[in-house]
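Inside the fold
Residues per chain are reported as follows:
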Amino acid sequence: MTFLEVDRTSMESKLLLNEEGSSMDSLLSSIGSPSVPTKLITPTPGLCIKTFTKSQEKVFINVCHTDEIPPPKGATIPMSIGSEKEVTDKSGEPCVAFDVALNSTFFNNNKNEIVMLTIINGIADKHGIDLDEDRYVILKNIKYKGKISPMNIEQRPVKQDPPKQPLISEIITKEQKVPARESNFTTPDYNLIKIDGSRQFYATEIDLKDVTSKDEINLQLGEDRVYLATNGKMKYELEYHFPETVNSDLSAAEFDPVKQILTVVAPLK
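Presented here is a report on the structure given in the accompanying data block. Everything numeric in this text was worked out from a predicted model, so none of it was measured.

Definitions and limits used
- Residues numbered from 1 in each chain as written.
- Predicted model: local features only at pLDDT ≥ 70, side-chain atom pairs only at ≥ 80, totals over all residues.
- Heavy atoms only, no water.
- Pairing = 2+ DSSP bridges.
- Helix = DSSP H or I, 4+ residues; strand = E, 2+ residues; numbered from the N terminus.
- Axes fitted to C-alpha atoms, helices over the stretch in contact; angles between N-to-C directions.
- Contact = heavy atoms within 4.5 Å.
- Expected span 1.5 Å × (residues − 1).
- Polar contact = N/O pair within 3.5 Å; in protein donor to acceptor, adjacent residues only side chain to side chain.
- Core = buried A, V, L, I, M, F, W, Y, C linked by side-chain atoms within 4.5 Å.
- Buried < 20%, exposed > 50% of the residue type's maximum accessible area, 1.4 Å probe, protein only.
- Phe/Tyr/Trp six-rings, centres within 6.5 Å; stacked < 30°, edge-to-face > 60°.
- Lys NZ or Arg CZ within 6 Å of the ring centre and 35° of its normal.

Bringing the sheet that holds strand 16 (residues 237-241) into the picture now. Pairing is antiparallel across the open sheet formed by 3 strands, whose spatial order is 14-15-16. Of all strands in the sheet, those with a lone pairing partner are strand 14 (217-221) and strand 16, marking the two edges. Taking each pair of neighbouring strands and ignoring which way they run, the sheet shows an average axis angle of 5 degrees.

Next up on the list: the environment of valine 100. Mapping valine 100 onto the fold places it in strand 8 (residues 94-103). Taking the C-alpha atoms as reference points, valine 100 and valine 63, 37 residues apart in sequence, are found 5.0 Å from one another. Look past the residues within four positions of valine 100 in its chain and what remains in contact with it is Ile61, Asn62, Val63, Cys64, Met79, Ser80, Ile81, Ile119 and Ile123.

It is worth spelling out helix 3 (residues 113-127) at this point. Its 15 residues place the ends of helix 3 21 Å apart at the C-alpha level, agreeing with the 21 Å of an ideal helix rising 1.5 Å per residue. If you check the start of helix 3, you find a side-chain oxygen 2.9 Å away from the backbone N of valine 115, and it comes from asparagine 112.

In terms of nonpolar packing, the biggest core is built from 22 residues, with Ile49, Ile61, Val63, Val100, Leu102, Ile119 and Ile123 touching the most fellow members. Elements that contribute at least two residues to this core include exactly strand 4 (44-53), strand 5 (58-66), strand 6 (77-81), strand 8, helix 2 (104-109), helix 3 and strand 9 (131-138). Element by element, the count of residues in this core is highest for helix 3, at 7 residues. Not counting chain neighbours up to four residues away, the residues in contact with isoleucine 61 comprise Leu47, Cys48, Ile49, Thr51, Phe98, Val100, Ile119, Ile120 and Ile123.

This part is about the environment of phenylalanine 242. Note on placement: phenylalanine 242 falls in the loop between strand 16 and strand 17 (252-256). Spatially, the C-alpha atom of phenylalanine 242 lies 10.0 Å from that of isoleucine 193, the residues being 49 residues apart in sequence. Contact partners of phenylalanine 242, with chain neighbours within four places excluded, come to Leu192, Tyr202, Gly222, Glu223, Asp224, Arg225, Val226 and Ala266.

Below, the discussion takes up the packing of aromatic side chains. Inspection of every chain in the model, using the stated rule, returns 3 aromatic pairs. Arranged with centres 5.0 Å apart and planes meeting at 20 degrees, the rings of tyrosine 190 and tyrosine 240 form a pair that is stacked. Of this pair, tyrosine 190 sits in strand 12 (residues 190-196) while tyrosine 240 is found in strand 16, placing the two residues 50 residues apart along the sequence. Residue class for tyrosine 190 comes out buried when judged on its relative accessible area of 3%. On the basis of relative accessible area, tyrosine 240 is assigned to the buried category, the value being 0%. Each ring, one from tyrosine 202 and one from phenylalanine 242, has its centre 5.7 Å from the other, and the planes form 35 degrees; the classification is tilted. Linking tyrosine 202 in strand 13 (residues 200-207) with phenylalanine 242 in the loop between strand 16 and strand 17, this pair joins segments that are 40 residues apart in sequence. Grouping residues by exposure puts tyrosine 202 and phenylalanine 242 together as buried. In textbook terms, an aromatic cluster arises when at least three aromatic residues are bridged by ring pairs, as seen for Tyr190, Tyr202, Tyr240 and Phe242. The ring of phenylalanine 60 carries the charged tip of lysine 145 above its face, separated from the ring centre by 5.1 Å.

And the structure:
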């Protein structure tokens, strides 16, 4: 993963949150609501994130996966977020950890910045803790911190329609793309979304097929628009406007040379 030289900011996405129980919760699940059946599973460890609270307390997030959780439909990401548990760091100091489970296929194909920040913000929202998403790291050679715990997931269908006060709403899709201004340039497919959670952002994923390096990308981001052009083998040009004024000083851009996707994140003023 390579980064363009701009500040990184946070990202949120629409979540379908399932509940994981402790041992007591697992026992009580048998008398839970009959309209939402549950199932006790042991997910497969995938990777471990280390981050911190704003008060500098260390937090580990065990990102797991299972086929028991359905894959996403549209912008909705089915996700099970577990309860807080105590673990120790490499120095033997106590700290907290959370388990998160995603669909296995989705996890294997989407280990990107957006998903990691979605998980961090999902835990912060569910448990009411103030996590510093700008300081997270994915630990090398560690897939799980602590002893793996079973998760009690709700077996409910993934809804296509957004829930009350959705965190993400579609704003512009690739079918509404702005035409390229030069005949020898190609307009890339892109998707612009607005994130209406505890923070408000516009985020764009731009498909730059055959672009292999960030050095081929010229990106200009203002308070009301984005302009992009590439100078490599594949010549792209794109300009689009934000529906609202954004803070360009805090905006972030990340290019994934493997998937050839440029992600632009711009917080509202």
